[in-house]
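Secondary and tertiary structure notes
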Amino acid sequence: PWGVMHCYFGTLEQAKSFYEMGLLLGIGGSVTFKKAEMVHEVVKAMPLESMVLETDAPFMAPVPHRGKRNEPAFLPLVAQRIAKLKEMSALAVAEKTTVNALRLFRWKS
């Protein structure tokens, strides 16, 4: 991967195109919003390899902190919501998206 579509809010078709171009999808607090149906559709359909977790701090805090200042400590809520949408464990989501971030930034674990 060579970049991130920050705070992804696009369609599934766009998500597929961006991923084919080598871009990851930045999934943050918006995935916990009840009415963010397009984000939910993308998360369900796209492989975990296409995503990284992001806080978008200080904006868009996940539910139940919506409307408050966002912070990295809320990332587990994002992972939990993705896990629920993908019917897998939050730990699996955290592990895979961490690998994706390490690959993106060319960091060694």
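Structure's up top.
Here the structure is a predicted model, which is why all the values come from computation and not from measurement.

This part is about the nonpolar core. Core analysis: the largest hydrophobic core is formed by 22 residues, its most contacted members being Ile27, Val31, Val43 and Ile82. For this core, the elements supplying multiple residues, two or more each, are helix 1 (12-20), strand 2 (23-27), helix 2 (37-45) and helix 3 (75-86). Ignoring anything within four residues of it in the chain, the contact list for Ile82 reads Ile27, Val31, Val43, Leu48, Leu53 and Val93.

Another aspect to go through is the packing of aromatic side chains. Note on aromatic pairs: each is described by the distance of the centres and the angle between the planes. Tallied over the full model, the rule gives two aromatic pairs. An angle of 80 degrees between the planes, with centres 6.2 Å apart, marks the rings of Tyr8 and Phe18 as edge-to-face. Pair noted here: Tyr8 is in the loop between strand 1 (3-5) and helix 1 and Phe18 is in helix 1, with a separation of ten residues, a long-range link. We note that Tyr8, like Phe18, is buried. A ring pair is formed by Phe105 and Trp107, whose centres lie 5.0 Å apart and whose planes are at 25 degrees; its orientation type is stacked.

Here is what the cut-offs are and how they apply
- Residues numbered from 1 in each chain as written.
- Predicted model: local features only at pLDDT ≥ 70, side-chain atom pairs only at ≥ 80, totals over all residues.
- Heavy atoms only, no water.
- Core = buried A, V, L, I, M, F, W, Y, C linked by side-chain atoms within 4.5 Å.
- Buried < 20%, exposed > 50% of the residue type's maximum accessible area, 1.4 Å probe, protein only.
- Helix = DSSP H or I, 4+ residues; strand = E, 2+ residues; numbered from the N terminus.
- Contact = heavy atoms within 4.5 Å.
- Phe/Tyr/Trp six-rings, centres within 6.5 Å; stacked < 30°, edge-to-face > 60°.

From the geometry alone we can't say anything about function, so treat these as descriptive.
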